[in-house]
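Structure assessment
Each chain, written out:
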Amino acid sequence: MVLITGMVFCLLLVTISYSINRHLLGAKLAVDFYQLALTASCVVVLALIGESVVNPLYTAWFGQKLWVYRILPLHDGNVSALGVIIWAAYGVHLYFTRQTLMNKLPNAMNNSAVIAIIIGFEAPFICEVLGNLLFLSVLGDYYAYYLPGDVFHLTSFQVVPIYILCLLLGLAILGTLERLPRKFVLPPALFSAGLAYLVTG
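Residues numbered from 1 in each chain as written. Predicted model: local features only at pLDDT ≥ 70, side-chain atom pairs only at ≥ 80, totals over all residues. Heavy atoms only, no water.

On average, the protein chain scores 95 in pLDDT, and the residues at 70 or more come to 100%. Per-element averaging of pLDDT across the protein chain places helix 6 (residues 186-199) at the bottom with 94 and strand 1 (residues 67-69) at the top with 98. (pLDDT = per-residue confidence, 0-100. Helix = DSSP H or I, 4+ residues; strand = E, 2+ residues; numbered from the N terminus.)

Written out as structure tokens, the structure is:
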């Protein structure tokens, strides 16, 4: 049931994201499967490693974790085994959303910093909240439980600056990968690296 719930969330996220961004961009919304796979696999490896680095740092600075995964926790609860599919789905969502932002933002605001700020609020307050609500309704437990209670433990305002900083770094890395000659082994290699890191926990 855990895996089914995770897959349902992934399917809902990708379907809703595509529908909304298609409505906003129309035929301009591209589906380049190499770029889509590159974005998704890059998000997987960076997010899984990032979570297991950021949460211990937060603990060292503030005396407690910011979040604890309750569904299939690994790496001391800093990541979840479901993260490999959920972060991949979020990568697909990011691929669509980034296109919309790059097409719709005014020139003066069309840069990685503004995109990181927008997504830095969107990810926790839409994706994380909806994901946690789905897991709570189906399994009776949080997917990721946030120790601060400012948003009913579904997410936290404290994670926003972390998202923004990680997005700035991640978008820079993704931009570098996108400028490389296309190597179709790259997305599977990135995904495999994320999976390998996951199973070490």
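Here the narrative resumes, following the displayed structure.
Following the sequence through the fold, Thr155 ends up in the loop between strand 4 (144-146) and helix 5 (160-179). Given a relative accessible area of 0%, Thr155 falls into the buried group. Within the local environment of Thr155, its side chain forms a polar contact with the side chain of Glu128, the two groups lying 2.8 Å apart. Beyond its immediate sequence surroundings of up to four residues, Thr155 is in contact with Pro124, Phe125, Glu128, Val129, Tyr146, Pro148 and Asp150. (Buried < 20%, exposed > 50% of the residue type's maximum accessible area, 1.4 Å probe, protein only. Polar contact = N/O pair within 3.5 Å; in protein donor to acceptor, adjacent residues only side chain to side chain. Contact = heavy atoms within 4.5 Å.)

Here the focus is the pattern of salt bridges. Under the definition given, this model contains four salt bridges. In this structure, Asp76 and Lys65 form a salt bridge, with 3.2 Å as the shortest nitrogen-oxygen distance. With Asp76 in the loop between strand 2 (73-74) and strand 3 (79-80) and Lys65 in the loop between helix 2 (33-62) and strand 1, this pair connects stretches of sequence that are 11 residues apart. The class for Lys65 is buried, based on a relative accessible area of 16%. Of the charged contacts, one joins Arg70 and Asp141 as a salt bridge, the two residues approaching to 3.2 Å between their closest N and O atoms. (Salt bridge = Lys/Arg side-chain N within 4 Å of Asp/Glu carboxyl O.)

Turning to the packing of aromatic side chains, a few remarks are in order. Both the distance between ring centres and the angle between the ring planes are used here to describe each pair of aromatic rings. Applying the stated rule across the entire model yields 11 aromatic pairs. Geometrically, the ring pair formed by Tyr58 and Phe62 is tilted, given 4.6 Å between the ring centres and 40 degrees between the ring planes. Taken together, the residues span about one helical turn, with Tyr58 and Phe62 both in helix 2 at a distance of four residues. Residues Trp87 and Tyr90 carry aromatic rings whose centres are separated by 6.0 Å and whose planes lie at 85 degrees to one another, so their mutual orientation is edge-to-face. Of the two residues, Trp87 and Tyr90 are both situated in helix 3 (residues 83-104); the distance of three residues between them amounts to about one turn of the helix. Neither residue differs from the other here; Trp87 and Tyr90 are each classed as buried. Site record: aromatic cluster; members linked through ring pairs are Tyr18, Tyr95 and Phe96. Positioned above the aromatic ring of Tyr145, the side-chain terminus of Arg70 is 4.0 Å from the ring centre. (Phe/Tyr/Trp six-rings, centres within 6.5 Å; stacked < 30°, edge-to-face > 60°. Lys NZ or Arg CZ within 6 Å of the ring centre and 35° of its normal.)

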